[in-house]
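# Structural characterization, general
If you want the building blocks of each chain, they are given just below.
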Amino acid sequence: MTLRPILIHPDPRLKKRCAPVDSVSPEIGALAEDMLQTMYDAPGVGLAAPQIGVLQRLFVMDCVKEEGEAPQPMVLINPEVIWASEDTNTHEEGCLSIPDQYAEVTRPERVQMRWLGLDGKTHEDEFDGLWATCAQHELDHLNGKLFIDYLGVMKRQLITRRMEKLKRERARG
Ligand code: K1U
Ligand code: ZN
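The following refers to the structure shown. (Residues numbered from 1 in each chain as written. Chains lettered and ligands numbered in written order. Predicted model: local features only at pLDDT ≥ 70, side-chain atom pairs only at ≥ 80, totals over all residues. Heavy atoms only, no water.)

### Observations concerning the site of ligand 1
- As a matter of local geometry, ligand 1 sits amid 14 residues, with Val45, Gly46, Gln51, Leu96 and Glu138 nearest to it.
- Note that an oxygen atom of ligand 1 is positioned 2.7 Å from one of the backbone N or O atoms of Val45.
- Residue Leu96 places a main-chain N or O atom 2.6 Å away from an oxygen atom belonging to ligand 1.
- A molecule is said to occupy a pocket when more than half its atoms come within 2 Å of that pocket's grid points, and by this definition ligand 1 occupies the largest pocket.
- Of all the elements, helix 2 (residues 129-142) adds the most residues to the shell around ligand 1, at four residues.
- A class-by-class count of the residues in the shell around ligand 1 yields four nonpolar, seven polar and three charged. (Near = heavy atom within 4 Å. Polar contact = N/O pair within 3.5 Å; in protein donor to acceptor, adjacent residues only side chain to side chain. 1 Å grid on protein atoms, 1.4 Å probe; cavity = no way out; pocket = protein on both sides within 12 Å on 5 of 7 lines; lining within 4 Å. Sits in = over half its atoms within 2 Å of the grid points. Helix = DSSP H or I, 4+ residues; strand = E, 2+ residues; numbered from the N terminus. Nonpolar A, V, L, I, M, F, W, Y, C, P; charged D, E, K, R; others polar.)

So, in structure tokens, the structure goes:
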């Protein structure tokens, strides 16, 4: 397993619509393992393939946050929302590609999703709470959308400028 570098916004690869995974191969299994390790190391509760520069439709998540509770890693390949509640929930979101910036985003409170698992089989489940927020945030990544795209233009520009500065500083070392 390898820790992969996480792309920082702005990056054109974070704005692209990703291509479906055409087969659940051993390479996809190895990629998912790398993504889970990279997510836990960051630390984060989710990570989408484009965040490590792979423009394919898969993401990982584990929203178990309690100390001592068993981890629940999930790998969702070619995920789709098949139902979304009319009730909404406003949650403070962050993003590993936009470090240390947080904002409230309103999304459906509950969603049913369908996806392919690493076993190659179709899975369906309903998510709520942080799981629902995270799954929708990650699915947005696969469509080239970031949580700052839900904000007003001024807030989005401010955060983008902060990230440009961060990237310049990191490049200088
Ligand atoms: O997609 C990502 O960049 C991961 C992102 C997912 C997410 C978090 C919160 C709301 C919506 C989506 C993160 O994991 S940011 C880091 C974070 O929230 C966290 C880190 C450590 C422990 C708990 C949460
Ligand atoms: Zn994100």
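### Here's the deal with the pattern of salt bridges
- As enumerated under the stated definition, the model contains nine salt bridges in all.
- One salt bridge in this structure joins Arg4 and Asp34, with 2.9 Å as the shortest N-O distance. With a gap of 30 residues between them, Arg4 in the segment before helix 1 (26-41) and Asp34 in helix 1 connect regions that are remote in the sequence.
- A residue is classified by how much of its surface remains accessible, and Arg4, at 28% relative accessible area, is partly exposed. (Salt bridge = Lys/Arg side-chain N within 4 Å of Asp/Glu carboxyl O. Buried < 20%, exposed > 50% of the residue type's maximum accessible area, 1.4 Å probe, protein only.)

### Some remarks on the environment of Lys167
- With respect to the secondary-structure elements, Lys167 resides in helix 3 (residues 153-172).
- Sequence separation between Lys167 and Ile8 is 159 residues; the distance between their C-alpha atoms is 7.5 Å.
- Not counting chain neighbours up to four residues away, the residues in contact with Lys167 comprise Ile8, His9, Pro10 and Asp11. (Contact = heavy atoms within 4.5 Å.)

### With respect to the layout of surface pockets
- Taken as a whole, the largest pocket encloses approximately 620 Å³ of empty space.
- In terms of lining residues, the largest pocket is bounded by 25 residues, among which Pro43, Gly44, Gly94, Cys95 and Leu96 are the most central.
- Among the elements of the structure, strand 4 (88-95), strand 5 (98-108) and helix 2 are those that each provide at least two residues to the lining of the largest pocket.
- The biggest single contributor to the lining of the largest pocket is helix 2, with six residues.
- The residue makeup of the lining of the largest pocket, split by class, is eleven nonpolar, eight polar and six charged. (Points joined across faces, edges and corners; volume = space filled by probe spheres on them.)

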